[in-house]
Amino acid sequence: MKDHHSTRPEAPMSHVFSDETHRNLLSRIPHCTGREVADWLRTVEEGPSLFRFEEKVSWLRGEHDLAYGHAKAIVHEYDLRRAARKLL
């Protein structure tokens with residue numbers, strides 16, 4: 001049986017789009033939702049303590065009626081920024 005851990009990327013990239021698509025989605029979020037990305041990141045921070053990526057995405061979609069792609073982009077950006085804070 002193959003060891004799946006050796007081929008797994010460090011970031012949850014299997015859950016997200018390419019970097020370019022991610023940036024494009026983020027740039028459209030304010031227009032599509034009426035809220036800035038920073039507001040959405042605070043919403044995730046202040047929301048329920050969910051650990052799994054898809055749980056956070058599902059919560060955003062259900063609680064705030066976001067499109068799936070927007071919710072994924074917000075959670076991915078949140079995770080990226082949280083990881084960057086840990087490195088400082």
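Residues numbered from 1 in each chain as written. Predicted model: local features only at pLDDT ≥ 70, side-chain atom pairs only at ≥ 80, totals over all residues. Heavy atoms only, no water.

(A) The arrangement of the side chain of histidine 22 in detail. Here histidine 22 lies in helix H1 (residues 19–33). Overall, histidine 22 belongs to the buried group, its relative accessible area being 6%. Those residues in contact with histidine 22, other than ones at most four positions away along the chain, are Phe17, Ala73, His76, Glu77 and Leu80. (Helix = DSSP H or I, 4+ residues; strand = E, 2+ residues; numbered from the N terminus. Buried < 20%, exposed > 50% of the residue type's maximum accessible area, 1.4 Å probe, protein only. Contact = heavy atoms within 4.5 Å.)

(B) Just the pattern of salt bridges, in detail. A full pass over the atoms with the stated rule returns 4 salt bridges. Between glutamate 45 and arginine 85 there is a salt bridge; the shortest N-O distance is 3.8 Å. Linking glutamate 45 in helix H2 (residues 37–46) with arginine 85 in helix H4 (residues 68–87), this pair joins segments that are 40 residues apart in sequence. For arginine 85, a relative accessible area of 46% puts it in the partly exposed group. Glutamate 77 is the partner of arginine 81 in a salt bridge, and the nearest nitrogen-oxygen pair spans 2.9 Å. Of this pair, arginine 81 and glutamate 77 both sit in helix H4, 4 residues apart, roughly one helical turn. (Salt bridge = Lys/Arg side-chain N within 4 Å of Asp/Glu carboxyl O.)

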